[in-house]
Amino acid sequence: MKLTKMAGAFALTAALAMTAVPAFAVASAENVDNFQDVNATTSAATTKVYAQTVNAALNATIPTKVAIVVPSSGAGEVTAPSSAVYKIVNKGTTPVFLKGISSQAGIFKLSATDVASGNDATLTMTVNSNALDGTSKTLSGANATEIAGNNGELALILAGKSYVPTSSPLNSAQLESAAMQITYTIGTTA
């Protein structure tokens, strides 16, 4: 039993898949050429490489996976990556704006209020004070945070609480799935 309680403090290393919406070209490969010659010990095939240009109006980065730490059962605080590493970085030369945040449940149900009982593993999370409760938040005008060009950064403060029923603690199979997904939308205007 003591071992079970100690195991209750293990980390939820579920990946939170995140995306931004920078403009970029899609690279592709097609029209396969075979290396075949029945009368030779060597063979050659040719690949023609074509260039495609892009004038990216948006050029920003964000971590695509982060890990949070929650108790394996019961209620507790979520430990998330610091805003020093969890951030949007504008690699372009002109400002961009955070225009929206949406969230989708993974192995956890998402809630706008703290949960301390029930049958579902639940997360009550915020990013920069915006609730991640399974709804979309549109940010415009003064609410659309500007991210300066030339490596300007927007620190993302991920925080919250979790609840996992004590009758069904998180298991290793669940920990291989995303706890939740957050989608950030950026644009060139507020």
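Here's a quick rundown of the structure. (Residues numbered from 1 in each chain as written. Predicted model: local features only at pLDDT ≥ 70, side-chain atom pairs only at ≥ 80, totals over all residues. Heavy atoms only, no water.)

**Brief notes about the pattern of salt bridges**
Rules: Basic side-chain nitrogens of Lys or Arg form a salt bridge, by our definition, when they fall within 4 Å of a carboxyl oxygen of Asp or Glu. By definition, any uninterrupted DSSP run of H or I lasting at least four residues is a helix, any uninterrupted run of E lasting at least two residues is a strand, and each is numbered from the N terminus. Using a 1.4 Å probe on the protein chains alone, a residue whose accessible area is under 20% of its type maximum counts as buried, one over 50% counts as exposed, and one in between counts as partly exposed.
Per the counting criterion, the structure on display carries 4 salt bridges. Linking K87 and E153 is a salt bridge whose minimum nitrogen-to-oxygen distance equals 3.2 Å. With K87 in strand β4 (residues 87–90) and E153 in strand β11 (residues 152–155), this pair connects stretches of sequence that are 66 residues apart. You can call E153 partly exposed: its relative accessible area is 49%. The salt bridge partner of K161 is D114, with a shortest N-O separation of 3.9 Å. With K161 in strand β12 (residues 158–164) and D114 in the loop between β6 (109–110) and β7 (122–127), this residue pair connects regions lying 47 residues apart in the sequence. Judged by its relative accessible area of 34%, K161 falls in the partly exposed class. When salt bridges with common partners are traced through the structure, they connect E77, D114 and K161 into a single cluster.

**Some details on the nonpolar core**
Put simply, the rule is: In these notes, a set of buried Ala, Val, Leu, Ile, Met, Phe, Trp, Tyr and Cys residues joined through side-chain atoms within 4.5 Å is what counts as a nonpolar core.
Counting 32 residues, the largest nonpolar core has I88, L123 and Y184 as its most contacted members. Counting residues per element, this core draws most heavily on strand β13 (residues 180–187), which supplies 4 residues.

**Focus on the packing of aromatic side chains**
Given two aromatic rings, their pairing is described by the distance between the two centres and the angle made by the two planes. Going by this rule: Aromatic contacts are taken between Phe, Tyr and Trp rings whose centres are within 6.5 Å, Trp giving its six-membered ring; a plane angle under 30 degrees counts as stacked, one over 60 as edge-to-face, and the others as tilted.
Tallied over the full model, the rule gives 1 aromatic pair. When the centroid spacing of 6.5 Å and the interplanar angle of 70° are considered together, the rings of Y86 and Y184 count as edge-to-face. One end of the pair, Y86, is in the loop between β3 (74–77) and β4; the other, Y184, is in strand β13, with 98 residues separating them in the sequence. For the residue pair Y86 and Y184, the accessibility class agrees, reading buried in each case.

**Some thoughts on the sheet that holds strand β2 (residues 60–61)**
The strands making up a sheet are joined through hydrogen bonds of the backbone, oriented either antiparallel or parallel. Note the threshold: Pairing between strands requires that DSSP locate at least two bridges from one strand to the other.
Pairing within the open sheet is antiparallel, and its 3 strands lie in the order β2-β4-β11. Both outer strands of the open sheet, β2 and β11, are each paired with one neighbouring strand and no more.

**As for the environment of L170**
Positionally, L170 belongs in the loop between β12 and α2 (172–175). Judged by its relative accessible area of 7%, L170 falls in the buried class. Each C-alpha atom of the pair L170 and P71 lies 8.7 Å from the other, and the pair is 99 residues apart in sequence.

**Let's talk about the side chain of S103**
As a reminder of what qualifies: The definition of a polar contact used here is a pair of N or O atoms within 3.5 Å, where within protein one atom must be able to donate a hydrogen and the other to accept one, and adjacent residues in sequence count solely through side-chain atom pairs. Contacts between residues were defined by any pair of non-hydrogen atoms, one from each residue, lying within 4.5 Å.
Inspection of the secondary structure puts S103 in strand β5 (residues 96–105). With relative accessibility at 9%, the residue S103 sits in the buried group. A distance of 3.5 Å separates a polar side-chain atom of S103 from the backbone nitrogen of D133. At 2.9 Å, the side chain of S103 forms a polar contact with the backbone nitrogen of G134. If near-sequence neighbours (up to four positions away) are discounted, S103 is found in contact with L110, L132, D133, G134, T135, M180, Q181 and I182.

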